Amino acid sequence: MNLPSNLLPAYSLSQRNTLGFEVEAEFAIHITEAKQIAETLVYAKDHNMPYQVLGGGSNVVLPSALPGLTLLMDIAGIEIVSEDANGVSLKVGAGVSWHSLVIWTLEHSYPGLENLALIPGTVGAAPIQNIGAYGVEINDYINSVEAFDSQAMQWITLDRAHCQFSYRHSLFKANPLRYIISAVNLYLPKQWQPRISYVDLQHFFAGKENDSITPLAIFEAVCEIRTQKLPDPKQIGNVGSFFQNPIVENSMLAKLKQRHPAIVAYPEDTNHSKLAAGWLIDHCGFKGLRTGNVGVHDKQALVLIHHGGGNANELLQLAERIQKTISEQFEIDLQVEPIIFNA
Ligand code: EPU
């Protein structure tokens, strides 16, 4: 096979997955401009090669060997498309780091994203799992998503309504590999209200003057809370929450509460509640467990960690063990939250 010069054979992804697994891509390519996506997909299809897309690698579980072509999404750029008294429209390249975007918006006095501070990963990955934290989800701010549709082999702009956003889910997650996101268009309204109803933020700001609750103060609070609870991937491999918080009918919650009065749940809609999966896992005694090279974080049971020298199989075995126990104890099926790549 005649390889284009920018294809990198036997490329190590060890620095590009926050679990810190030793991973080798058969071929990798740095995508720095949108048009390269189309070119690369034409090449992959012509040569019958499987392909996958990697942003920051902060929400994926990668096998030791990734066959085919791995697109490393490195498209940069934050562009102010339009601005008026009501708000600002931004076009952000898929490869921009999410946290650096949050900082950029606050530096430019465009508040809104402060509750989403310190979420690892890239802007292009954010819509896929509809990132959310402390009462805010990214879909609240998405105007549209620009992507290459690898099925129709054409560019498409999907407005927010077409992205099918829900809790940690979207059209993109439901159709893996179909839409390769090149840019995300955000709209940040200038009218701002603090969102601190989430219990950790309530505690943080308890007794503080209303005037002191600024976007920057919330940003700093979120950074502090996250740093306390969630392990830094630079120090210990992880992908944040490993399971979704399960949504159950209120009748089911009532039954569970009879047996487990301390169970933690939040109202989701009139008939459903969201359970804190971290509580369920903690309650089953997994918090702080270590087995081989993997384990459960000792400050947040929803986070699985990699101590070094492990691999995806080992981590997924631990995940299955947790799922089995939760199913036996609570009759609840925990769904894995990160995307599992096939070998
Ligand atoms: N809890 C325990 N034991 C634990 C962990 C949690 O009892 O080991 C209970 C506590 O009562 C706690 C409650 O569960 O108050 C909820 O925990 P936390 O506030 O840490 O939030 P979470 O529901 O576990 C979700 C997101 C996080 C996000 C936080 C803050 C999911 C799957 N996870 O976690 O997102 O940062 O809320 O909004 O929805 C991520 O997706 O990677 C992520 C870190």
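Residues numbered from 1 in each chain as written. Predicted model: local features only at pLDDT ≥ 70, side-chain atom pairs only at ≥ 80, totals over all residues. Heavy atoms only, no water.

*Asks:* Describe the sheet that holds strand S12 (residues 179-189), with residues and values.
*Replies:* What the five strands build is an open sheet, ordered S6-S7-S12-S10-S11; its pairing is antiparallel. The two strands at the open ends of the sheet, each matched to only one other strand, are strand S6 (78-83) and strand S11 (154-159). Strand after strand, the sheet turns through a mean of 20° between neighbouring axes, direction not considered. Its contacts with the sheet place helix H1 (residues 34-46) against strand S10 (142-149), S11 and S12, and it is angled at close to 155° to S12. (Pairing = 2+ DSSP bridges. Helix = DSSP H or I, 4+ residues; strand = E, 2+ residues; numbered from the N terminus. Axes fitted to C-alpha atoms, helices over the stretch in contact; angles between N-to-C directions. Contact = heavy atoms within 4.5 Å.)

*Asks:* Account for the domain arrangement of the chain, with residues named and values stated.
*Replies:* For the chain, the assigned domains read domain 1 (8-73), domain 2 (78-189) and domain 3 (237-340). Computed over C-alpha atoms only, the centres of domain 1 and domain 2 are separated by 21 Å. Counting from both sides, the interface comprises 15 residues of domain 1 and, opposite them, 14 residues of domain 2. At the boundary of domain 1 with domain 2, total buried surface from both sides reaches about 1200 Å², with 74% on carbon and sulfur atoms. If you sort the residues of domain 1 by the area they bury against domain 2, Ile 37, Tyr 51 and Met 73 come out on top, with a joint share of 34%. In this assembly, domain 1 and domain 2 are joined by five residue pairs in polar contact (both at pLDDT 80 or more). Counting only elements with at least two residues in the side of domain 1 that touches domain 2, the list comes to H1 and strand S3 (51-54). With seven residues, the single largest contributor to the side of domain 1 that touches domain 2 is H1. (Domains from an automatic or database assignment. Buried area = accessible area lost by both parts, 1.4 Å probe. Polar contact = N/O pair within 3.5 Å; in protein donor to acceptor, adjacent residues only side chain to side chain.)

*Asks:* Would you mind going over the UniProt feature "active site" (unreviewed entry) in the chain in detail, with residue names and values included?
*Replies:* According to UniProt, the feature "active site" (unreviewed entry) maps to Arg 168, Ser 241 and Glu 337 in the numbering used here. Across 170 residues in sequence, these annotated residues keep their C-alpha atoms within 10.9 Å of one another, forming a single compact spot. In this structure, Ser 241 sits in strand S13 (residues 237-241). Following the sequence through the fold, Glu 337 ends up in the loop between helix H8 (312-330) and strand S20 (339-340). Look past the residues within four positions of Glu 337 in its chain and what remains in contact with it is Asn 59, Gln 129, Arg 168, Lys 173, Ser 241, Phe 242, Phe 243 and Gln 244. (UniProt positions renumbered as here; feature names shortened; annotations may be inferred.)

*Asks:* Help me get a handle on the sheet that holds strand S19 (residues 303-306), residues and values and all.
*Replies:* As summarised here, the arrangement of the four strands in space is S13-S19-S18-S17, forming an open sheet in which the pairing is antiparallel. With partners counted over all chains shown, the strands left at the sheet margins are S13 and strand S17 (290-291), one partner each. Taken strand by strand, H8 contacts S17, strand S18 (294-296) and S19, and its axis lies near 35° from that of S18.

*Asks:* Describe the site of the ligand, listing the residues and the values that go with them.
*Replies:* The environment of the ligand is made up of 25 residues, and the closest members are Tyr 134, Tyr 167, Arg 168, Gln 300 and Ala 301. Take Lys 229: an N or O atom from its side chain is 3.1 Å from an oxygen atom of the ligand. Asp 282 is positioned with one of its side-chain polar atoms (N or O) 2.8 Å from a nitrogen atom of the ligand. Calculation on the ligand without its partners gives an accessible area of 820 Å², and the protein chains cover 86% of this total. Put simply, the parts of the chain that give the shell around the ligand at least two residues each are helix H5 (215-229), S13 and helix H7 (277-283). The residue makeup of the shell around the ligand, split by class, is 13 nonpolar, five polar and seven charged. Composition of the shell around the ligand by domain shows at least three residues from each of domain 2 (78-189) and domain 3 (237-340). (Near = heavy atom within 4 Å. Areas by Shrake-Rupley, 256 points an atom, 1.4 Å probe, with all protein chains shown as cover. Nonpolar A, V, L, I, M, F, W, Y, C, P; charged D, E, K, R; others polar.)

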